[in-house]
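# Coordinate inspection notes
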Amino acid sequence: MVRHIFLDKTNTIIKGSDSNVGLNPVAELNYGDAVTRFLVHFDVDTIKALVDEKEIVDLDKAAFTLKMTNCAPISGQPYDKKLQYGGTCGTKERASSFNVLCLSLPQEFDGGRGFEFMNEPWTNSNKSFTTSGSNWYQSANGYAWPAGEEGGVYTLETIVDEYNKWAEGEDSLVINRQHFDFGDEDLAIDITKYVVAVLNGDAENYGLMLMFTPRLEQTTTDAQQYVGFFTDHTNTFFHPFVEVSYENAVFDDRASFYEGKENKLFFYASISGDYVNLDEIPTCTINDDVQVPVYQLRKGIYYALVDAETSHFGVDTINFDVWSNLKLGGQTLPNVEMEFVSLSSKGYLNLGGLPKKDKRLVPTLYGINDNEGLTRHEVRRVDVDFRVEYETNKKRLCDNAFYRLYTMDGVREIEILNGYQPIEMGTLQNYFLIHTEDLVPGKYYVDVKAYQGVEQLYFKDVLHFKIIDDVTERFV
């Protein structure tokens, strides 16, 4: 599972200035002639709901990453040679070879409604300029930062002390850091420790601060050094977000239970098609005498883990797994008996000869129509039928298939879910879920790849759809 939690407020605070630029589409970190720091905040309640609903069962296996897109990448061709080497205009240069620190904030801040850094003297009423909200000296009107008159949230002395604690592995206000070599890299900084502390009640979610290291902030240069990232107010696809990553894909071996290997037998609890959590973890007994451990994968989905030593019930025999301790809403429910066939290990294990070449599988996707327009806040299940090429009546489950979701920027493909994600394998169907609330309005494409033995099969643009912007588009 990969989910995106978009930022809900941001602001760049500028040393020595009480200006607010909370609506600016670019977060610009500077050192040299000017020093800036960047504040971000995201709604942790969405993540908390994933934990409470058991979409995330084990926080130790979850990862949370703050991601922001660099405003001036130079990976494409052609590009400005001056931009490649850092020069832009005047005495301003893009920084390279630096670290960005991420610290937790000590109190809430207001993003503000300012846009311009300076109030132009020839303008009688500049609505884009304001000192209200957060700035270098205050978190909100009437609320100063702990740094007091020095401003900047924390004093440099405090930051140095906390940075040293972090380097020694001690508890610190510093959450993590990211190194930038060339300066065109996107921000992708691990904030797992912070999010877990908030979810466990050990910290408050006041937000985060990004800054150059203290050594750089104190550096005096002839030119202003900077790096810029898109904020939540960008009018582009590149909205910043916190990426939630957690491995909870379903791979059900009920239809392909082979002797002599580890197998998983899944059990699903749902009401009217919606998964529900049982009051307790159920138990599973196979053939009345073999009890196997049961775990919860995610909301309403449980599995019995049958290890390789236990997975010997006879070739081509029907076996029965009985699920007990079924409690829902305080009521005890009757046991549920299910079945599976134990297959010979020859079905997956080959010794002595060359691997058998299987017939080519071709995927067909259902659940979203080609070029369909979806509103945000939908969850769509996309079924993937793998069928033998030229033999459409032969459908097969595939336990080693993946999908990739991306959008286009000209001829450039932009990843959405951090590369290929596993296509889940249920008892009778391969599928994956699309959470449209994690997507900004635009057009999206899906690729599929599947492994068959030593072969890797790629299927380009097997599905494309649109996320509708309700402000500018309507269904026809």
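The structure displayed is predicted, hence computed values, not measured ones. (Residues numbered from 1 in each chain as written. Predicted model: local features only at pLDDT ≥ 70, side-chain atom pairs only at ≥ 80, totals over all residues. Heavy atoms only, no water.)

A separate point is the pattern of salt bridges. When their charged atoms lie close together, side chains carrying opposite charge are able to pair. Across all of its chains, the model carries 23 salt bridges by this definition. The residue Asp438 makes a salt bridge to Arg3 at a minimum N-O spacing of 2.5 Å. Taken as a pair, Asp438 in the loop between β35 (430-435) and β36 (442-452) and Arg3 in strand β1 (residues 2-14) lie far apart in primary sequence, 435 residues in all. No difference in accessibility class separates Asp438 from Arg3, as the two residues are buried. In this structure, the salt-bridge partner of Glu280 is Lys327, at a minimum N-O distance of 3.5 Å. You can see Glu280 sitting in the loop between β18 (274-275) and β19 (283-286) and its partner Lys327 sitting in strand β24 (residues 326-328), a full 47 residues away along the chain. With relative accessibility at 37%, the residue Glu280 sits in the partly exposed group. Among the residues examined, Lys327 registers a relative accessible area of 26% and is labelled partly exposed. (Salt bridge = Lys/Arg side-chain N within 4 Å of Asp/Glu carboxyl O. Helix = DSSP H or I, 4+ residues; strand = E, 2+ residues; numbered from the N terminus. Buried < 20%, exposed > 50% of the residue type's maximum accessible area, 1.4 Å probe, protein only.)

Let us look at the sheet that holds strand β10 (residues 174-180). Strand order in the open sheet made by the eight strands is β10-β7-β12-β3-β1-β14-β4-β11, with antiparallel pairing throughout. In the strand order of this sheet, the two ends are held by β10 and β11 (187-190), each with one partner. Between one strand and the next, the sheet's axes are offset by a mean angle of 25°, whatever the strand orientation. When strand β7 (residues 98-104) meets strand β12 (residues 208-212), the two strands line up antiparallel, connected through five bridges. In the sheet register, Leu101 faces β12, and the bridge partner there is Met211. Taken strand by strand, helix α1 (residues 45-52) contacts β1, β3 (36-42), β4 (63-68) and β14 (241-245), and its axis lies near 155° from that of β1. Helix α4 (residues 192-199) rests against β3, β4, β7, β10, β11 and β12 of the sheet, and its axis sits at about 120° to β4. (Pairing = 2+ DSSP bridges. Axes fitted to C-alpha atoms, helices over the stretch in contact; angles between N-to-C directions. Contact = heavy atoms within 4.5 Å.)

Time to look at a nonpolar patch on the surface. Taken together, Ile318, Phe320 and Val341 make up a surface patch of nonpolar side chains, about 240 Å² in accessible area. Turning to its location among the elements, Val341 is positioned in strand β26 (residues 336-343). Judged by its relative accessible area of 34%, Val341 falls in the partly exposed class. (Patch = residues over 30% accessible without salt bridge, like charges linked within 9 Å, V, L, I, M, F, W, Y side chains within 5 Å. Areas by Shrake-Rupley, 256 points an atom, 1.4 Å probe, with all protein chains shown as cover.)

Right, let's get into the environment of Leu29. Among the secondary structure elements, Leu29 is positioned in strand β2 (residues 26-31). Taking the C-alpha atoms as reference points, Leu29 and Ala62, 33 residues apart in sequence, are found 29 Å from one another. Those residues in contact with Leu29 that lie beyond four places of it in its chain are Thr36, Arg37, Phe38, Val100, Leu210, Met211, Phe212, Gln225, Tyr226 and Val227.

What follows concerns the nonpolar core. Counting 40 residues, the largest nonpolar core has Phe42, Phe64, Leu66, Leu187, Ile191, Leu208 and Leu210 as its most contacted members. Residue contributions to this core peak at five residues, all from α4. If sequence neighbours within four positions are ignored, Leu210 has contacts with Leu29, Arg37, Phe38, Leu66, Met68, Val100, Leu101, Cys102 and Leu187. Membership of the second largest hydrophobic core comes to 29 residues, among which are Phe386, Ala401, Tyr403 and Ile423. (Core = buried A, V, L, I, M, F, W, Y, C linked by side-chain atoms within 4.5 Å.)

This part takes up the sheet that holds strand β16 (residues 263-268). With antiparallel pairing, three strands are arranged side by side in an open sheet as β16-β22-β21. Strands with a single pairing partner mark the edges of an open sheet, and in this sheet they are β16 and β21 (294-298). On average, each strand axis in the sheet is tilted by 35° relative to the strand beside it, whichever way the strands run. Sheet analysis places β21 next to strand β22 (residues 301-306), joined by four bridges and oriented antiparallel. From the neighbouring strand, Val294 faces β22, where its bridge partner is Ala304.

Right, let's talk about unusual backbone geometry for a bit. One non-glycine residue, Ser97, lies in positive phi territory at about 55°. Of note, Ser97 is situated in the loop between β6 (92-94) and β7. The phi dihedral of Asp288 is positive, around 70°, even though this residue is not glycine. In this structure, Asp288 sits in the loop between β19 and β20 (290-292). Owing to a relative accessible area of 72%, Asp288 belongs among the exposed residues under this scheme.

Pairing geometry for strand β27 (residues 361-366) and strand β29 (residues 379-388), over six bridges, is antiparallel. Each bridged residue has a counterpart across the sheet, and for Val362 the counterpart in β29 is Arg387. Sheet analysis places β29 next to β35, joined by six bridges and oriented antiparallel. Pairing of Val382 across the sheet is with Phe432, part of β35.

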